[in-house]
Amino acid sequence: MLGLKELRENLNLSDTAGRSQYLRLFLTSFAALYVEIMLIRWVGTEFRLFAYFQNLTLIACFLGFGYGCFRAKKRPVQLFDYAALCVIAILIDLPWRGWAGILELMGAGLSLSPDVSIWHDVAGQVSWAGFTVSAMFVAGILLLLIATMIPLGTWVGRFLEDAPNTITAYSVNLFGSLAGIWFFAGVSFLGLAPVYWFALAFALALLMQPAWQKTGIVAVTAMAACLTVLVFDRLPAGKTVWSPYQKLEVIPQGNENYQINVNNTGYMTIANLSEEESAKNPELAIHYRLESSYETPYRFLDHLDMVLIVGSGAGNDVAAALRHRARSIDAVEIDPAIYDLGRTLHPEKPYESPSVHISIDDARDFMHRASHRYDLILFGLLDSHTQYSSLSSMRIDNYVYTQEAFTEARRLLKPDGILIVKFEVGPQFEWLGQRFYGELNKVFGRAPLVYYNPQVYGLLPATIFLTSKSDAIWKKAEDRDVAAFLAEHPPRFPLSTVSAAPLTTDDWPYIYQRKRTIPRVYLEVSFILLTLAMLLVRKKFEFRNTSTWHFFLLGAGFLLLETQLVSRLALFFGSTWIVNCIALTFVLLVLVAANFFVMNAEVKHLAPYYAVLVLCLIGIYLAPWDRLPFSSRIVGVLLSTAYSVPLFFAGIIFTESFRRAKGRSECLGANILGAVAGGLAQNLSFIFGLKALLLIAAVSYGFAGVSSLFAASSSPPSSVTELGSTNIVNAMPQR
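The present account deals with the structure reproduced in this document.

What follows is about the packing of helix H7 (residues 128–162) against helix H20 (residues 520–537). The N-to-C vectors of H7 and H20 enclose an angle of 50 degrees; their axes lie 10 Å apart at closest approach. Judged on the interaxial angle alone, H20 and H7 are oblique. Where H7 crosses over H20, the two elements pack in a sense that is right-handed. Listed contacts from H20 to Phe 131, Ala 135, Ala 139, Leu 142, Leu 143 and Ile 146 of H7 are Glu 524, Ile 528, Leu 529, Leu 532 and Leu 536.

Further remarks concern the sheet that holds strand E4 (residues 265–270). Taken together, the four strands give an open sheet; going across it, the order is E1-E2-E3-E4, and neighbouring strands pair in antiparallel fashion. Every interior strand has two partners, whereas the edge strands, strand E1 (239–242) and E4, have only one. The average undirected angle you get between the axes of adjacent strands in this sheet is 30 degrees. Of the pairings in the sheet, the one linking strand E2 (residues 247–254) to strand E3 (residues 257–262) comprises six bridges and is antiparallel in character. When the sheet's bridge partners are listed, Pro 252 is paired in E3 with Tyr 258.

Counting buried positions over the six residues of strand E8 (residues 374–379) gives six, a clear majority of the element. Pairing analysis gives four bridges linking strand E5 (residues 306–310) to E8, with the strands arranged parallel. The residue bridging Leu 308 from the neighbouring strand is Ile 377, located in E8. In this structure, E8 lies alongside strand E9 (residues 413–423), joined through five bridges in parallel fashion. By the bridge assignment for E9, Phe 379 is matched with Val 421.

In this section: the packing of helix H4 (residues 56–70) against H20. At a minimum axis distance of 11 Å, the contact between H4 and H20 shows a crossing angle of 5 degrees. Here H4 is positioned roughly parallel relative to H20, judged by the angle of their axes. Across the interface between the two elements, Leu 56, Ile 59, Ala 60, Leu 63, Tyr 67 and Phe 70 of H4 pack against Val 525, Leu 529, Leu 532, Ala 533, Leu 536 and Val 537 of H20. Considered class by class, the residues forming the contact of H4 with H20 number 12 nonpolar, no polar and no charged.

Moving on to the packing of aromatic side chains. In this structure the tally under the stated criterion is 30 aromatic pairs. Residues Phe 300 and Tyr 451 carry aromatic rings whose centres are separated by 6.2 Å and whose planes lie at 20 degrees to one another, so their mutual orientation is stacked. Of the two residues, Phe 300 is situated in the loop between helix H12 (282–291) and E5 and Tyr 451 in strand E10 (residues 449–453); the sequence distance between them amounts to 151 residues. Assigned by exposure class, Phe 300 and Tyr 451 land together as buried. Within the aromatic cluster, the residues linked to one another by ring pairs are Phe 379, Tyr 401, Phe 406, Phe 423, Phe 436, Phe 465 and Phe 493. Looking at Arg 446, its charged tip hangs above the ring of Trp 474, at a distance of 4.2 Å from the centre. The aromatic ring of Tyr 621 is capped on one face by Lys 691, whose charged end is 5.0 Å from the ring centroid.

For the rest of this paragraph, the subject is the nonpolar core. Counting 157 residues, the largest nonpolar core has Trp 42, Phe 50, Phe 80, Leu 142 and Phe 198 as its most contacted members. Broken down by element, the residue count for this core peaks at 17 residues, all from H7. Residue contacts for Trp 42: discarding those within four places in its chain leaves Ile 88, Ala 89, Ile 92, Asp 93, Pro 194, Trp 197, Phe 198, Leu 230 and Trp 242. In this structure, Leu 284, Tyr 351, Leu 459 and Trp 474 belong to the second largest nonpolar core, which totals 39 residues.

Let us now look at the pairing of E4. For a regular strand, the rule is simple: side chains alternate between the two faces of the sheet. Judged by how many residues are buried, E4 sits mostly within the fold: five of six residues are covered. When E3 meets E4, the two strands line up antiparallel, connected through five bridges. Residue pairing across strands places Val 262 opposite Thr 265, the latter belonging to E4.

This part takes up the sheet that holds E10. Judged by pairing direction, the sheet is mixed, and its seven strands sit side by side in the order E7-E6-E5-E8-E9-E11-E10 without closing on themselves. Of all the strands in the sheet, just strand E7 (356–360) and E10 have a single pairing partner and so form its edges. Looking at each pair of strands side by side, their axes are set apart by 15 degrees on average, direction ignored.

Looking at the secondary structure, you find Thr 504 in the loop between helix H19 (480–488) and H20. Note on Thr 504: relative accessible area 0%, which makes it buried. Taking C-alpha positions, Thr 504 is 7.8 Å from Glu 439, a pair spaced 65 residues apart along the chain. Setting aside residues no more than four positions away along its own chain, Thr 504 makes contact with Tyr 401, Thr 402, Gln 403, Arg 435, Glu 439, Pro 509, Tyr 510 and Ile 511. Of the polar contacts made by the side chain of Thr 504, one reaches the backbone oxygen of Tyr 401; its length is 2.7 Å. Here the side chain of Thr 504 touches Glu 439 through a polar contact of 2.3 Å, side chain to side chain.

The rules behind each value
Residues numbered from 1 in each chain as written. Predicted model: local features only at pLDDT ≥ 70, side-chain atom pairs only at ≥ 80, totals over all residues. Heavy atoms only, no water. Axes fitted to C-alpha atoms, helices over the stretch in contact; angles between N-to-C directions. Helix = DSSP H or I, 4+ residues; strand = E, 2+ residues; numbered from the N terminus. Parallel < 35°, antiparallel > 145°, perpendicular 65-115°, else oblique. Left-handed = near helix turned anticlockwise from the far one by under 90°. Contact = heavy atoms within 4.5 Å. Pairing = 2+ DSSP bridges. Buried < 20%, exposed > 50% of the residue type's maximum accessible area, 1.4 Å probe, protein only. Nonpolar A, V, L, I, M, F, W, Y, C, P; charged D, E, K, R; others polar. Phe/Tyr/Trp six-rings, centres within 6.5 Å; stacked < 30°, edge-to-face > 60°. Lys NZ or Arg CZ within 6 Å of the ring centre and 35° of its normal. Core = buried A, V, L, I, M, F, W, Y, C linked by side-chain atoms within 4.5 Å. Polar contact = N/O pair within 3.5 Å; in protein donor to acceptor, adjacent residues only side chain to side chain.

Okay, structure coming up:
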């Protein structure tokens, strides 16, 4: 077996020739994806601003990687900038609980307008001085993210530039990147904490350290300080659990009650309403029954055989249904760690009941596949009850609260079944309650009943929306006791279907967005990113070179296309981590097929490929996928097949263009900077909807086709081994 010294010699980045070159490229590509996904997951968890801007960390990493590609002719001194990575960790995760509040202020300082529900009481009250300080702090974090990725981009660009057989190098690059995606997915699935994520990254960096660059005391000290900070993790008040989606902090409240924080903010509770506890405190038990949002909806039900709970969480809703003698309960929860907490900690043990059937799945995917009919379908609070719900790392409830989702729920109801939607509507967000009111009115053809329950000790408050396909609940509302209850618990917003807030759909699922406009805070952060990009590449990006713009447009179009694929497939297969990984693997395999096509076929003119690509994008946009008479899985497969065609042609176009171009690293850098622009262009979906991104991608590819006619290209090389390809960073997870 090889010793550590021999292994380091084989992996050493400084040698770009020899048998071990492809092993180095594989590990460099692995490291690029691993570090990038690690940063996307961790920074968004600990600094809420980066969770709200779904692709902010991704775009910053793209920018750093692309700038590194421009510098491929310079020899970097390390695998990635671990000094920058250490500073990021210390700045964001300083082990002082008050630091979390300072980060909140830094994020809130960018909100100068109330055009989006981001921060509860801060929007519109921030001074220009506060905005300037916040902008400088965020810009500093972005610069550190960029700096971390620059060496990785340089090494990948250098390896591709020097590879004697580009098609082999490309395949190695792809499979290394795929390994990075699945390795981090495995780490997340195992529930390992970030200290292990960073330790693995540091170990890889030290293992591949160039021969001329020795690790000094300063570097080792910085790594040790970073890991120490991550170990203390802001001195949590309770047990911390890392799920595949988010960070969970379980804080005991005494008497078998618990508070569960998600991503450092209040999220849910586990309340002890067991018979033993009720017997000890009968007055409290009566108060729960009369006022709790978990109990009062059952006033409107006469029988309870089949129940579906969407977003069952740690089990409070399930326990309530069991207390009301539900015979069969389908409980759907996307996060296995939250379910496990409810299974082990909830004093009533609702998940151990033989009447409860748990599904660890996305809510929409479950409803797509469900065949039962239910007496009650309950939309739990999900993450809506927290004022920071729009900042959750996954934003998993966007597609749950659309007209199409409520239509699916209506399909699953029995003729006299009842739909209950629980949602915390803050007093300053009346439009949000009116949006729900209008959506349910439109889907069921009748205005829902609405009332409000305050918080009752450990059970959270909620606005309750009730509707049905029959008249039963409205007749029950005429009963004297029920009518008195509704009068005593009015909603905290005017009941009106005429609202300034547009109704949400699967194409426009932005539940926390009031109008079809790009929030000003998005524009502010985009401006910061563009300014940083211009300052970095102004001397490297050849603005007068048509070929540069050609690859720039290809990058922008591809990112928009890939984003569409991942988001659309989530509707048919679920917004789970495994679906995202499979979707990205699918994208990469299609690109491999495109690369081999170019290797084995003679591509003389690209114009027909551009034409087919643009027409396919328009066709996918116009096709009525939601009206096809097939199951959701079959429609998802058909949609994946449809998307594979433009992906395949996009791969052919890039590979052949890259084959003919001069300066592979410069072209790769321009392509990745185009992906940055494509990431920012996604903000247009706030105005035009998600599907419109397909048309924007088509326009981008159309202009790329026109620019290719004028691009200065070298003569095509005679050997097929000189083929090039896109880099895997264009296939990062999108949300």
